[in-house]
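If you want the building blocks of each chain, they are given just below.
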Amino acid sequence: NTVTYNDVHVDITQEEWVLMDPSQRNLYKDVMLETFMNLTAIGYNWEDLEVEEHFQSSQKHGRHERTHTGEKPYECNQCGKAFVHHSTLKFHERTHTGEKPHECNQCGKSFAYHNHLQGHERTHTGEKPYDCNQCGKAFARHNAHQRHKRTHTGEKPYECNQCGKAFARHSTLQLHERTHIGEKPYECHQCGKA
């Protein structure tokens, strides 16, 4: 007899899913994936060709739900930082390993992330695809364009928790926050003068 996905699938309703703790959800997903893969491995033909679609949409639903619950099941074993998505953890781990798999084919410089390589490649081509619609100035990188736009809007999205002072750049906020703990960010290493 031909087995269908519905023969082996344990359907969980939205209400049941919400009541499950993270370990129960992970167990459910692992068991369903293992069942599907085992049956596929021994040669079962699937009548219901939407099984992969069903499984993928189930996974997407679980990942999306985490954005509402705040659940971060993927933890870095080096620093303890937790992430909603496994792929984000994998990217983060490169900060510890120093892995830089994306290499510029013009100069050989390597980057941890593909978008950083893309930005770098524009230094060779001179391409500046991000234009300011206020003054016409062009930028090679999206984040530089975003920062520049704040010079026109006056937007200061980075606010100090201690005093409420706001900044256009996150790095400027970080420097400011040091003043609250008495740390002087620029200090001479020889004489100690700030």
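Structure's up top.
Residues numbered from 1 in each chain as written. Predicted model: local features only at pLDDT ≥ 70, side-chain atom pairs only at ≥ 80, totals over all residues. Heavy atoms only, no water.

Asks: Quick question: what am I supposed to make of the overall build of the protein chain here?
Replies: Looking only at helices and strands, the protein chain has eight helices and eight strands in total. In the protein chain, which comprises 194 residues, the proportion classed as buried is 21%. Within the protein chain, contacts between residues separated by at least 24 positions form 19% of all contacts whose residues are at least 6 apart in sequence. Carbon together with sulfur atoms contributes 47% to the accessible area of the protein chain, which is approximately 14,200 Å² in total. (Helix = DSSP H or I, 4+ residues; strand = E, 2+ residues; numbered from the N terminus. Buried < 20%, exposed > 50% of the residue type's maximum accessible area, 1.4 Å probe, protein only. Contact = heavy atoms within 4.5 Å. Areas by Shrake-Rupley, 256 points an atom, 1.4 Å probe, with all protein chains shown as cover.)

Asks: Would you mind going over the pattern of salt bridges with me for this structure?
Replies: Oppositely charged side chains can pair when the atoms bearing their charge come close. Summed over all chains, the structure comprises four salt bridges. A salt bridge links Arg150 to Glu155; the nearest nitrogen and oxygen atoms lie 3.9 Å apart. What makes Glu155 partly exposed here is its relative accessible area of 43%. (Salt bridge = Lys/Arg side-chain N within 4 Å of Asp/Glu carboxyl O.)

Asks: What should I look at first to understand the environment of His114 in this one?
Replies: Examined against the element boundaries, His114 turns out to sit in helix H6 (residues 114–125). By relative accessible area, which is 42% here, His114 ends up partly exposed. Through-space distance from the C-alpha of His114 to that of Lys100 is 9.4 Å; in sequence the pair is 14 residues apart.

Asks: Hey, could you run me through helix H5 (residues 86–97) in this one?
Replies: The terminal C-alpha atoms of H5 lie 17 Å apart, and with 12 residues this matches the ideal 16 Å at 1.5 Å per residue to within 8%. All of the buried residues along H5 are Leu89, His92 and Arg94. Those residues of H5 that are buried lie in contact with strand E1 (74–75), strand E2 (82–83) and strand E3 (102–103). Of the residues trailing H5, Gly98 is marked for its positive phi of about 80 degrees. (Expected span 1.5 Å × (residues − 1).)

Asks: What's the story with the environment of Tyr113 in this structure? I'm lost.
Replies: Inspection of the secondary structure puts Tyr113 in the loop between strand E4 (110–111) and H6. Expressed as a C-alpha distance, the spacing of Tyr113 and Glu99, which sit 14 residues apart in the sequence, is 9.5 Å. Tyr113 has contacts with Phe91, His92, Arg94, Thr95 and His102, leaving out every residue within four places of it along the chain.

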